[in-house]
Each structure stands twice: as C-alpha cells, then as structure tokens.
Amino acid sequence: MLHLKIITPKKVVFEKDVNSVTVPAADGEITILPRHSNLFSLLKEGIIKVKSGGDEDYFSIGAGYVETDGKEVIILVSRAYGQDEIDEKLINEAINEAQKLLSQASDEKSRQAAISMMRRAIIDSKLLKKRKSIR
Amino acid sequence: MNLRILRKKIKSIANVKKITRAMQLVSAVKMKKAQQEAIETIPYRTFLEKIILKSMSQVDKAHSPLLSSKTNNNKYLYIVISSNKGLCGFFNFSIFKFINNQIDLKNSEFIVLGKKAANFISKIGGKIIADFSTINFNNAVSPIFTESLKKFLIGDYEMVFLIYNHFISATKFETIKTQLLPTTISYIKKVETKEKINEYLIEPDPKTVIDEVLKNLIEEKIRGAIIESQAAEHSARMLAMKNATDNAGEIIYNLTLLRNKVRQEKITNELLDMVSAKISVESN
C-alpha cells in the first residue's frame, strides 16, 4: 500500500492509502506502485489517476511536484480538483471565455494568460469525459 | 454637572460600546477564518522544505542563482506587510517600532503592503519602490514575488527580507524579519538531521528542479506571511475592541453613579426649598 497525500498551497486535498498513482510527469506519464524507487519529479498540468481497491479517483491538477520513497507519495501542486468538484457548465463557459480573450488579445502577455486558462479548462473537461466513460 | 448632559453622555457611550462590541465579534470570526487558512497552508510549505532538503544533497550552490547574492553592495530590500485599516491596537505600531529600531534607511528600499506602513515609511523618509495596498492582499503574492526576484537577480540588492507580524496565538503576535533571498536552507537542516538522506532519482535533472522548487518555496513564504499577518491583524483588532468595550462599560458605570448622585442632589435641593419656603411662610 502507498500512502498518498495531495497538497495544494490552500489545503490538503486528499490523504489515503492507495494501490497506485498515475501522474503526468515532465517527461511523460508515470505510474507509481508500492516499493517504487526514490523519485522526485516535476509535474505538468494534467490528470492524476488514483487506484485504491476497486475504486478509481481522478484529480485535475496544475503544475507541481511529486515525491516518493516507495511507501509514501507526496504530490505538491498549485491546484487540484476532484472529479466531484468540477461543473461541466462552468468549464464550457471557461473555454468560451478563453477563446474570446484569445481572439481579442493584443499583446503577448494577455495571449499567454488566455492560453493557460484554456489549457486548464480543457484538462478539466477531459477529466469529466473520463468520469462519464466509467459510469 | 448637568443632569441632562450626563444622560446624553451615557447614551452616546452606550452607542459606542455597541459598535466596538460588534467590531469585536466580526474580528473574532475573521480571525478564526484567517487562522484556519494559515494552518492549512503549513503542510505545503513543510513538504516543500523537506523535498528541498532531500534533493539538496545532490545539488551544488552554483546550480541556482537564488542561493547566493550577486553583489555585496549592502543594499537591502524589505517587504513590509501591515494593514490598510486602523483600530487594531499596536499591530501596525509594532511594525513601525521594528523598522525604526532595526533598519538603516540609507541603504534600504521597501515594498509595502498596507496603507499604514506606506504612510509611516514615507514620513520617516524611506524609499518605497512599490505599494500593493490597494489590491486584495492575496492577489499581491505573485507581483511581489516577481518584482523582488527580478531586482534581486539583476543585482540591485544584496538581500531581500520580509517584515511581518507572525501569528502566535489568538492573543499574541510578534514582529519578525525573515530572509527571503538568497534562500538559506541551514535552518531546515537543523530540524531534519535525524532523517537519513537517501539517494534520489530527480527528474528531469536536479538543476531545473531546484530552481523551480526554490522559487515556489519563496512564493509560498510570501503567501504564508501575508495570511499570518492577516490573522494577527484580526486578533489584534479583536483584542483592541474588547478593551474598548470593557472601558466603555466602566465609563457607563461611573457616569450612571454620577447621574444618580446628581439626581438625588437635585431632589434634596428641591425638598430643602420646599421646607424652607414652608418655614418662612409659617413664621410670617
């Protein structure tokens, strides 16, 4: 068993014993199983998959880090939303908003902001699709 | 003293008491919220520090420009966190005193958060390079971080410090100065020497990682300081308002006593008048 902690600057989002964790590392997706060798890696924005027993949990995360010593996995990220906290309507709104901003953006800075907003929203919507396919 | 003036005074002080009492209650709620937030940010920072410590064994000081000063021109940047509103006891005063006693204004520049500190520093002749008082404090974290990091990296300052009120308990806070840049890790080592440092696989490579992690830690330090300072502000205001409420109660008590005395005196005088009038009528 792995002891998993998902922590954001605001609070501890998730803490539980799990079977495996799949995270989007900087060089590609990695799955951490018990007795994994000591690892510290950067994470990209993406989706974390957590398996515990027969259950699967998904989290949409911002960039951050993962650290493990084979017994414990600590994931530090700028944001993390569980599958139940995401609202489809809000995401679609966010995507539309980002597209609008993108078309209006005049300088590089606002363009970047709009792109990152869009990326976040798209990750969230991917998470939502995953959840639906399970059910 | 006039009876009518006394009654008016009692009434107005009772009103003041009501207001201070309401402010006390509001601050108590806000403080609890801020305190909760402050506690919830702790795990992120402690784990970040742990990770830095673990990966530090494989990293050289030269890997990150954040670990050593570019210059030694004795110029310092201070980030001062105070409050926008007054009526919070010696919360702001404690910071002023600290600045006055410990900081040499000549080779210091300031980034301020909170109107009170901005006013004070400009009054004593300090140089303010940025003032973030007007925006929401929580949104100020990233501009403060970017600004101070940029100036540090181009070698404008030898060191960057944070000055803020550290929240200790609901009734206690302490003004402290912490070094932000260059980042020191010695204090972490003291706590963690017992933990064995294993060989770590660091991806993509220690150099990229350490820079990233250190920057994150600095940003979190600023955020933590702001949240703590807010908790301290609310607790200071709560205490100040509690004292004000208590004092108003005492004043009302004394004034009521005085009012009753004056009233009785008046009645006695009236009785005396009547009696003396009666005597003078009867003697005629």
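Computed from a prediction, not measured in an experiment: that's the story for all the values here.

## Let's talk about the overall build of chain A
In step 1: Along chain A, the regular secondary structure elements total 2 helices and 10 strands.
In step 2: Helices and strands in chain A line up, N terminus first, as β-β-β-β-β-β-β-β-β-β-α-α.
In step 3: Along the longest, intermediate and shortest principal axes, the C-alpha atoms of chain A span 50 × 35 × 25 Å.
In step 4: By the burial criterion, 27% of the 135 residues in chain A qualify as buried.
In step 5: Looking at chain A alone, contacts between residues at least 24 apart form 50% of all its contacts between residues at least 6 apart.

## Things to note about the interface of chain A and chain B
In step 1: Contact with chain A, which involves 20 residues of that partner, is made by 20 residues of chain B.
In step 2: When contributions to the side of chain A that touches chain B are tallied by element, the ones reaching two or more residues are β5 (39-43), β8 (64-68) and β9 (72-77) of chain A.
In step 3: Considering each element in turn, the side of chain A that touches chain B owes the most residues, 4 residues, to β5 of chain A.
In step 4: Split into classes, the residues belonging to the side of chain A that touches chain B amount to 11 nonpolar, 4 polar and 5 charged.
In step 5: Note: β5 of chain A against strand β6 (residues 201-203) of chain B, 3 bridges, orientation parallel. Note that in β6 of chain B the partner of Ser41 of chain A across the bridge is Glu203 of chain B.

## Thoughts on the nonpolar core
In step 1: If you look at the biggest cluster of nonpolar residues, it comprises 84 residues, and the most contacted ones within it are Ile75 of chain A together with Val80 and Val213 of chain B.
In step 2: A total of 17 residues in this core trace back to one element, the largest contributor, which is helix α6 (residues 206-283) of chain B.
In step 3: Setting aside residues up to four positions removed in sequence, Ile75 of chain A forms contacts with Lys5, Ile6, Ile7, Val23, Ile48, Gly64 and Val66 of chain A.

## Points about the pairing of β5 of chain A
In step 1: Relative to β8 of chain A, β5 of chain A is paired through 5 bridges, and the arrangement is antiparallel. Bridge pairing in β8 of chain A links Leu42 of chain A to Tyr65 of chain A.

## Some points on the sheet that holds strand β5 (residues 172-181) of chain B
Residues and elements named next belong to chain B.
In step 1: Read from one edge to the other, the open sheet built from 5 strands follows the order β3-β2-β1-β4-β5, with strand pairing classed as mixed. Only two strands of the sheet have a single neighbouring strand rather than two, namely β3 (127-131) and β5. Direction aside, the axes of adjacent strands within the sheet are offset by 25° on average.
In step 2: Direction of pairing for strand β4 (residues 159-169) relative to β5: antiparallel, over a ladder of 9 bridges. Considered in β5, the bridge of His166 is made with Glu174.
In step 3: The strands touched by helix α2 (residues 91-102) within the sheet are β1 (76-81), β4 and β5, with β4 carrying the most contacts at an inclination of about 145°.

Rules used in this analysis
- Residues numbered from 1 in each chain as written.
- Chains lettered and ligands numbered in written order.
- Predicted model: local features only at pLDDT ≥ 70, side-chain atom pairs only at ≥ 80, totals over all residues.
- Helix = DSSP H or I, 4+ residues; strand = E, 2+ residues; numbered from the N terminus.
- Buried ≥ 20, exposed ≤ 12 C-beta atoms within 10 Å, placed from the backbone.
- Contact = placed C-beta atoms within 7 Å.
- Nonpolar A, V, L, I, M, F, W, Y, C, P; charged D, E, K, R; others polar.
- Pairing = 2+ DSSP bridges.
- Core = buried A, V, L, I, M, F, W, Y, C linked by C-beta atoms within 7 Å.
- Axes fitted to C-alpha atoms, helices over the stretch in contact; angles between N-to-C directions.

These figures capture arrangement, not role.
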